[in-house]
Amino acid sequence: MARIVKKFGGTSVGDIERIKNVARLVKKECDLGNEVVVVVSARSGVTNELISRAKAINPDPEDREMDMLLVAGEQETIALTAMALHAEGIDAFSMTGAMAGIRTDPYHTRARIVSMDCEEIEKHLMEGRVVIVAGFQGVNDRGQITTLGRGGSDLSAVALAKGVNADLCQIFTDVDGVYTADPRVVPNARKIPEISYEEMLELASLGTKVMQARSVEFANNHNVTFEVRSSFNDNPGTIVKQEASSMEDVVVRGVALDRNQSKITISNIPDRPGSAAKIFQGLTDSNVVVDMIVQNIGRNGVANITFTVPRDDSSRSLQSVNKVLEELGGGEVELVENIAKLSVVGVGMRSHSGVATALFAALSEAKANIQLISTSEIKISVVIDEEGAGEATRIVHTAFGLDKEED
Ligand code: ADP
Ligand code: ASP
Ligand code: MG
């Protein structure tokens, strides 16, 4: 007998038929004598719809009330999934994140899991029930409902796998694994059979939506191996696990494209110690997470700084920067939204040279002008124009030999 956590994302529970399909998949596992903990997301589109309703009522809703609203999406699917299992003759019991013992820090809309108390779940499993847990939600130490950031059901699943000491953690989605690039952008992308936590985390942080970055971070910290696979077919998926030495043989594992960033350039700011600190302190106070930062060499007592922020935070960032510039007594700010960040990722970059050269050559072939560059040990990112970014991704993907072989 094995203990298995199965997480089903928004598309996999998108309508009644699909929820019935989930129930059939779970029943199959029960028929084999296995214990199953199911984690479900809201139906696809529901969380976005709830967010737009909130913003239509109040453009700047309180985070606590947002959490109160957004958990409704998952609450619907746990109950429907339990009912679908009952219809299949399976004893099943639905639980909110709080009931399932997912305890978080106090930060609404982006809470981190601090501990798991899986006693209740254990009890139900021992009594032969399938437990269905609402993904994306937890409870803080004041009993308030919190959410774990967008895509947070992945984190719920990985944390529960750790909490109940599962033998297997499966993330069911609408693609049958992690590909060398988003198959919607690069039709020639190839499925990756195995990937290290580190590469998966880098890809996820750089805009690869298939896994939430924080869930991969948790899996890495607690050594939870998991599989990404499709709820619509039986194909083997991608195993995400600790790095094996053979993984370094591949230089570039995958290409990520992030269209959710904006670029802010501040020019003519007084070139003196403390200017940058004030600007970025202002952004931190406004809860904006800044990504790439470039400062040009100062001339004539003034300097220019360019950085990127999540596109949703554009206007908040502008307000914050303008306020600081007033205090500093100078500088102009410009916002450019139509940018995209393209990145290549691979642990093999540690031991291979020439990746930047090959990337820049491919971008030149794609006629993509590079606006910003940033590197780390296992990735290189560039900011380019959003227009043509898909084509640039396909050309870079081909240049690094990632295209699948023709059938
Ligand atoms: P779920 O609702 O199941 O959590 P998501 O929409 O969050 O699913 O993630 C699945 C989507 O991730 C796919 O439909 C795919 O378009 C996108 N995606 C982006 N990059 C990749 C990649 N490298 N490999 C696989 N899927 C990717
Ligand atoms: N429903 C939440 C979201 O859309 C969580 C998830 O789907 O993982 O972000
Ligand atoms: Mg997701």
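Just above, that's the structure.
Residues numbered from 1 in each chain as written. Chains lettered and ligands numbered in written order. Predicted model: local features only at pLDDT ≥ 70, side-chain atom pairs only at ≥ 80, totals over all residues. Heavy atoms only, no water.

A. Spatial organisation of the side chain of Thr306. With respect to the helices, strands and loops of the structure, Thr306 is situated in strand S16 (residues 302-310). The class of Thr306 is buried, set by a relative accessible area of 13%. For Thr306, the side chain forms a polar contact with the side chain of Thr265, separated by 3.3 Å. For Thr306, the contacting residues outside a window of four places in its chain are Lys263, Ile264, Thr265, Met292, Ile293, Val294 and Leu372. (Helix = DSSP H or I, 4+ residues; strand = E, 2+ residues; numbered from the N terminus. Buried < 20%, exposed > 50% of the residue type's maximum accessible area, 1.4 Å probe, protein only. Polar contact = N/O pair within 3.5 Å; in protein donor to acceptor, adjacent residues only side chain to side chain. Contact = heavy atoms within 4.5 Å.)

B. Molecular detail of the packing of aromatic side chains. Under the counting rule described, the total for this entry stands at 2 aromatic pairs. Judged by centre distance (4.7 Å) and plane angle (15°), the rings of Phe8 and Phe172 are stacked. With Phe8 in strand S1 (residues 3-8) and Phe172 in strand S9 (residues 168-173), the pair connects residues that are 164 residues apart, well separated along the chain. Residue classification places Phe172 among the buried residues on the basis of a relative accessible area of 5%. (Phe/Tyr/Trp six-rings, centres within 6.5 Å; stacked < 30°, edge-to-face > 60°.)

C. Molecular detail of the site of ligand 1. Around ligand 1, the surrounding shell holds 16 residues, and the nearest of these are Thr173, Asp174, Tyr179, Asp182 and Arg184. Contact distances for ligand 1 include 2.7 Å between an oxygen atom and a side-chain N or O atom of Thr173. With respect to ligand 1, the side chain of Asp182 contributes an N or O atom lying 2.9 Å from an oxygen atom. When ligand 1 is considered free in solution it has 570 Å² of accessible area, and contact with the protein chains removes 90% of it. (Near = heavy atom within 4 Å. Areas by Shrake-Rupley, 256 points an atom, 1.4 Å probe, with all protein chains shown as cover.)

D. How the structure looks around the site of ligand 2. Inspection of the region around ligand 2 gives Ser41, Ala42, Thr47, Glu74, Phe136, Arg150, Gly151, Gly152 and Ser153 as its neighbouring residues. The separation between a nitrogen atom of ligand 2 and a polar side-chain atom of Thr47 is 2.8 Å. Between ligand 2 and the protein, one listed contact pairs an oxygen atom with a backbone N or O atom of Ser153 at 3.0 Å. Within the complex, the protein chains bury 87% of what would otherwise be the 260 Å² of accessible surface of ligand 2. Among the residues making up the shell around ligand 2, the classes are represented as 2 nonpolar, 5 polar and 2 charged. (Nonpolar A, V, L, I, M, F, W, Y, C, P; charged D, E, K, R; others polar.)

E. Inspection of the nonpolar core at higher detail. Val5, Ile121, Val133, Leu160, Met200 and Phe226 are the most contacted members of the largest nonpolar core, which totals 42 residues. Looking at this core, the elements that each hand over two or more residues are strand S2 (35-40), helix H4 (119-126), strand S6 (130-134), helix H5 (153-163), S9, helix H6 (197-205), helix H7 (213-222) and strand S11 (226-230). Counting residues per element, this core draws most heavily on H5, which supplies 6 residues. With near-sequence residues (within four places) excluded, Ile121 lies in contact with Val37, Met95, Ala100, Val131, Val133, Leu160 and Val164. Formed by 27 residues, the second largest nonpolar core is a distinct cluster that contains Val252, Leu359, Ala366 and Val382. (Core = buried A, V, L, I, M, F, W, Y, C linked by side-chain atoms within 4.5 Å.)

F. Focus on the pairing of strand S12 (residues 238-241). Only one face of S12 is covered, namely the face carrying Thr238 and Val240; the face carrying Ile239 and Lys241 is uncovered. Taken together, the 3 bridges between strand S10 (residues 194-196) and S12 define a ladder with parallel strand orientation. Bridge pairing in S12 places Ile195 opposite Val240. Two strands pair when backbone bridges link them, and S11 and S12 are joined in this way by 3 bridges, in the antiparallel orientation. Across the sheet, the residue bridging to Glu227 is Ile239, located in S12. (Pairing = 2+ DSSP bridges.)

Purely geometric stuff here, so don't read any function into it on its own.
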